[in-house]
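The residues making up each chain are set out below.
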Amino acid sequence: AQSVTQPDIHITVSEGASLELRCNYSYGATPYLFWYVQSPGQGLQLLLKYFSGDTLVQGIKGFEAEFKRSQSSFNLRKPSVHWSDAAEYFCAGKLGGGNKLTFGTGTQLKVEL
Amino acid sequence: SAVISQKPSRDICQRGTSLTIQCQVDSQVTMMFWYRQQPGQSLTLIATANQGSEATYESGFVIDKFPISRPNLTFSTLTVSNMSPEDSSIYLCSAGEADTQYFGPGTRLTVL
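Residues numbered from 1 in each chain as written. Chains lettered and ligands numbered in written order. Predicted model: local features only at pLDDT ≥ 70, side-chain atom pairs only at ≥ 80, totals over all residues. Heavy atoms only, no water.

## A word on the overall build of chain A
Alright, step 1. Check the secondary structure of chain A and you find zero helices and twelve strands.
Alright, step 2. Tracing chain A from N to C terminus, the helices and strands come up as β-β-β-β-β-β-β-β-β-β-β-β.
Alright, step 3. Expected size for 113 residues packed as a compact globule is a radius of gyration near 13 Å; at 13 Å, chain A falls within 12% of this value.
Alright, step 4. With the C-alpha coordinates of chain A rotated into their principal frame, the extents come out at 45 × 30 × 20 Å.
Alright, step 5. Buried residues in chain A amount to 44% of all 113 residues.
Alright, step 6. Put simply, of all contacts in chain A between residues at least 6 apart along the chain, 53% involve residues at least 24 apart.
Alright, step 7. Surface exposure of chain A reaches about 5400 Å², of which carbon and sulfur atoms provide 47%. (Helix = DSSP H or I, 4+ residues; strand = E, 2+ residues; numbered from the N terminus. Rg over C-alpha atoms; globule rule 2.2 N^0.38 Å. Buried < 20%, exposed > 50% of the residue type's maximum accessible area, 1.4 Å probe, protein only. Contact = heavy atoms within 4.5 Å. Areas by Shrake-Rupley, 256 points an atom, 1.4 Å probe, with all protein chains shown as cover.)

## A short note on the environment of Arg108(B)
Alright, step 1. Residue position: Arg108(B) is located in strand β11 (residues 107-111).
Alright, step 2. Along the chain, Arg108(B) and Asn82(B) lie 26 residues apart, while their C-alpha atoms are 17 Å from each other.
Alright, step 3. When near neighbours in sequence (up to four residues on either side) are disregarded, Arg108(B) contacts Gly41(A), Ser9(B), Arg10(B), Asp11(B), Ser89(B) and Ile90(B).

## Here's the deal with the state of the cysteines
Alright, step 1. Under the counting rule described, the total for this entry stands at two disulfides over all chains.
Alright, step 2. Between Cys23(A) and Cys91(A) runs a disulfide, and the two sulfur atoms are separated by 2.0 Å. When the S-S torsion is -65°, as for the bridge of Cys23(A) with Cys91(A), the disulfide is left-handed. Remark: Cys91(A) occurs in strand β10 (residues 87-94) and Cys23(A) occurs in the loop between β3 (19-21) and β4 (24-26); sequence separation between them is 68 residues. Here Cys23(A) matches Cys91(A) in class, with each residue buried.
Alright, step 3. The partner cysteine of Cys23(B) in its disulfide is Cys93(B), sulfur to sulfur 1.9 Å. One disulfide, between Cys23(B) and Cys93(B), carries an S-S torsion of -70° and so falls in the left-handed class. Taken together, the positions of Cys23(B) in strand β3 (residues 19-25) and Cys93(B) in strand β9 (residues 89-97) put the pair 70 residues apart, joining distant regions of the chain. (Disulfide = S-S within 2.5 Å.)

## With respect to unusual backbone geometry
For residues besides glycine, phi is generally negative; the peptide bonds are generally trans as well.
Alright, step 1. Look at the link from Lys7(B) to Pro8(B): it is a cis peptide, with omega at -5°.
Alright, step 2. One can find Pro8(B) in the loop between β1 (4-7) and β2 (10-13).
Alright, step 3. Backbone geometry at Ser72(A) places phi at a positive 50°, although glycine is not the residue there.
Alright, step 4. Of note, Ser72(A) is situated in the loop between β8 (64-68) and β9 (73-78).
Alright, step 5. The exposure class assigned to Ser72(A) is partly exposed, which follows from its relative accessible area of 25%.

Okay, here's the thing in structure tokens:
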């Protein structure tokens, strides 16, 4: 079945530490992939996207993600986390034709000061 | 990127009533969508709002329960009809261009 999976429900990191949030997809071809962030009480903000080409994509707020076809993954990274990064992060993909986005279940990030 | 606003931002409604949520985009967009985010869960697509024609609903969602209008390229409404407590969710509008979707701030609905 076509799906997007985020294996980690909660992650806690210390401010200034590096961060990696995992995302895996199940799809027979290369999907369009996205990372969104949702702060408490807010809508979703697009961090970055991958359609094709360079497998390392840069986004806003210092985030980057790397597409790895061999691992069916699109992990989000940040070298140094700030307290304001505490939020819920969603990985999403366009799996197939049409415009539907399939979302992962989200990873709640907590940042310890 | 498109800037999207929604009204109301939140509401508390009684069982059996209906609520209409408005979504306004700051520019003309080809695609508009409505999602539901139930408490503690991820987002699920309800339907694609098509300009000038009936909305396209995902499996499990029906027009009688979630009627949608899209009178032009910048505006859409979602109505949650005959509400029950199970409809308590965040409802998000999104607008898409060039395979990318941008989201509104959401409407937090509580049904008593």
